[in-house]
Amino acid sequence: MELLEIVNTKLKENFADAIESAEQLYDYPVFTVNKDKVHDILKFLKEDEELNFHFLTDLCGMQTADEKQLGVIYHLHNMPKNYRIRLKTFFDINKPEIPTATDLWPAANWMERETYDFFGVKFKGHPNLKRILNVDEMDIFPLRKEYPLEDQGRTDKNDSMFGR
Amino acid sequence: MAKEIIKRTKLEIAKSPEGLEGPGFFATKLEDAVGLARKNSLWPLPFATSCCGIEFMATMASHYDLGRFGSERLSFSPRQADMLMVMGTIAKKMGPTLRQVYEQMAEPKWVLSVGACASTGGIFDTYSVLQGIDKIIPVDVYVPGCPPRPEQILEGVLKIQEMAQNESFRRRESDEYKKMLNSYGIE
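Residues numbered from 1 in each chain as written. Chains lettered and ligands numbered in written order. Predicted model: local features only at pLDDT ≥ 70, side-chain atom pairs only at ≥ 80, totals over all residues. Heavy atoms only, no water.

### Comments concerning the overall build of chain A
Within chain A, the regular secondary structure consists of three helices and seven strands. Tracing chain A from N to C terminus, the helices and strands come up as α-β-β-α-β-β-β-β-α-β. On the principal axes, the C-alpha backbone points of chain A span a range of 60 × 35 × 30 Å. Of all 164 residues assigned to chain A, the portion counted as buried reaches 47%. Across chain A, contacts joining residues at least 24 apart in sequence account for 52% of those joining residues at least 6 apart. About 9200 Å² of surface is accessible on chain A, with carbon and sulfur atoms providing 49% of the total. The averaged location of the 30 negative side-chain charges in chain A is 2 Å from the averaged location of its 22 positive side-chain charges. (Helix = DSSP H or I, 4+ residues; strand = E, 2+ residues; numbered from the N terminus. Buried < 20%, exposed > 50% of the residue type's maximum accessible area, 1.4 Å probe, protein only. Contact = heavy atoms within 4.5 Å. Areas by Shrake-Rupley, 256 points an atom, 1.4 Å probe, with all protein chains shown as cover. Lys, Arg positive; Asp, Glu negative; His and termini not counted. Charge placed at Lys NZ, Arg CZ, Asp CG, Glu CD.)

### Overview of the layout of surface pockets
To locate leftover empty space, one rolls a probe as large as a water molecule over the atoms. Residue and element names in this part refer to chain B. In this structure, the largest pocket spans a volume of roughly 420 Å³. As for the largest pocket, its lining consists of 14 residues, of which Glu 12, Ala 14, Lys 39, Asn 40 and Gln 161 are closest to the centre. If you tally residues by element for the lining of the largest pocket, the top one is helix H6 (residues 150-166), at four residues. When grouped by side-chain class, the residues that make up the lining of the largest pocket number four nonpolar, five polar and five charged. (1 Å grid on protein atoms, 1.4 Å probe; cavity = no way out; pocket = protein on both sides within 12 Å on 5 of 7 lines; lining within 4 Å. Points joined across faces, edges and corners; volume = space filled by probe spheres on them. Nonpolar A, V, L, I, M, F, W, Y, C, P; charged D, E, K, R; others polar.)

### As for the sheet that holds strand S3 (residues 44-48) of chain B
Residue and element names in this part refer to chain B. Spatial strand order, S3-S4-S5-S6: four strands in an open sheet with parallel pairing. Only two strands of the sheet have a single partner each, and these edge strands are S3 and strand S6 (141-143). Across the sheet, the mean angle separating the axes of adjacent strands is 15 degrees when strand polarity is ignored. Note that strand S5 (residues 110-114) and S6 share three bridges and pair parallel. Following the sheet pairing, Ser 113 is matched in S6 by Tyr 142. (Pairing = 2+ DSSP bridges. Axes fitted to C-alpha atoms, helices over the stretch in contact; angles between N-to-C directions.)

### Topic: the interface of chain B and chain A
Taken together, the contact between chain B and chain A spans ten residues of the former and 14 residues of the latter. Interface area, chain B with chain A, both sides summed: about 1000 Å², of which 49% is carbon and sulfur. The three residues of chain B that bury the most area against chain A are Lys 93, Asp 125 and Tyr 127 of chain B, which together make up 67% of that side's buried surface. For the interface between chain B and chain A, the tally reads one salt bridge. As a salt-bridge pair, Lys 92 of chain B and Asp 151 of chain A come within 2.4 Å of each other at their nearest N and O atoms. Viewed at the interface, chain A and chain B are joined by five residue pairs in polar contact (both at pLDDT 80 or more). For the side of chain B that touches chain A, a count of residues per class yields two nonpolar, four polar and four charged. (Buried area = accessible area lost by both parts, 1.4 Å probe. Salt bridge = Lys/Arg side-chain N within 4 Å of Asp/Glu carboxyl O. Polar contact = N/O pair within 3.5 Å; in protein donor to acceptor, adjacent residues only side chain to side chain.)

### Section: the pairing of strand S1 (residues 19-25) of chain A
Residue and element names in this part refer to chain A. Both S1 and strand S2 (residues 28-33) contribute to a ladder of six bridges, which runs antiparallel. Counterpart to Leu 25 in the pairing with S2 is Tyr 28. The hairpin formed by S1 and S2 contains two residues between the paired strands, and Tyr 26 there has a positive phi angle of roughly 55 degrees.

Spelled out as structure tokens, the structure:
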């Protein structure tokens, strides 16, 4: 709880409009922020002397249940003090653009490529935004809910076998 | 002399094909002699990508010993291999690599598809996994199982041996064979 207060106070001071929510989920402080300000906030969290979130643990994409929004989630870590927080930002699925974090953490490079590969999030300013895991010819973003999970090339399967 | 050694060590040597035998000579069909040689010296190329590959390691090791069937020598270069053993899930991204390996093998060549994943995609009915290697290369023998036991893999190899022995000498030159390869887009 303390950490949530510390970070929340600092963020409210500097980015009052951009913080959409701040809550404690289990033992993790989670902040939802406006996507236009996300890069400034990340930069602030990294460079502020007290907070000093110098390590990007993870960066990943998600899609909301109503299928209308995509999200990007950042997991940040301050190793000397062992602070960990989670930062979320959401945006319209039809305009999936967000600034890159590669200028802050080089580690974001491959994670952003993976997020682009599976969700089609375009990271503006990324030096090499192309598919990383799937085949280059793939023309879908497979983890979006609009695309079916199963291989569509199979001819030996029909729905009657599965009671659909 | 040779026969005595065979008795003492319980080794069986391959039966000679039908032919005309006499003092100091033995005449048979070239096709039979070549078939015999091919059958008993199949060099496998193991293309092992997952758990079926672990079963193959057991098949190759001393207990099951694939070496008993003349396949002691694994060839990790496709250019010297006779039998491509595909064991495990083939992701779509791996497809072109597998195909290239197949294309690099010299004729005559055989393909053994080991396990549910290599044969049909198995439980991985998903956008990223090839739904059976026969979508990209021709397969001679399928071994079912998830994963199959070493005995089953041996059975599959024995089936390939049978094919290698009985294959017509001109099969690989035939129009039918070329047509079959062309249907996979292989020249």
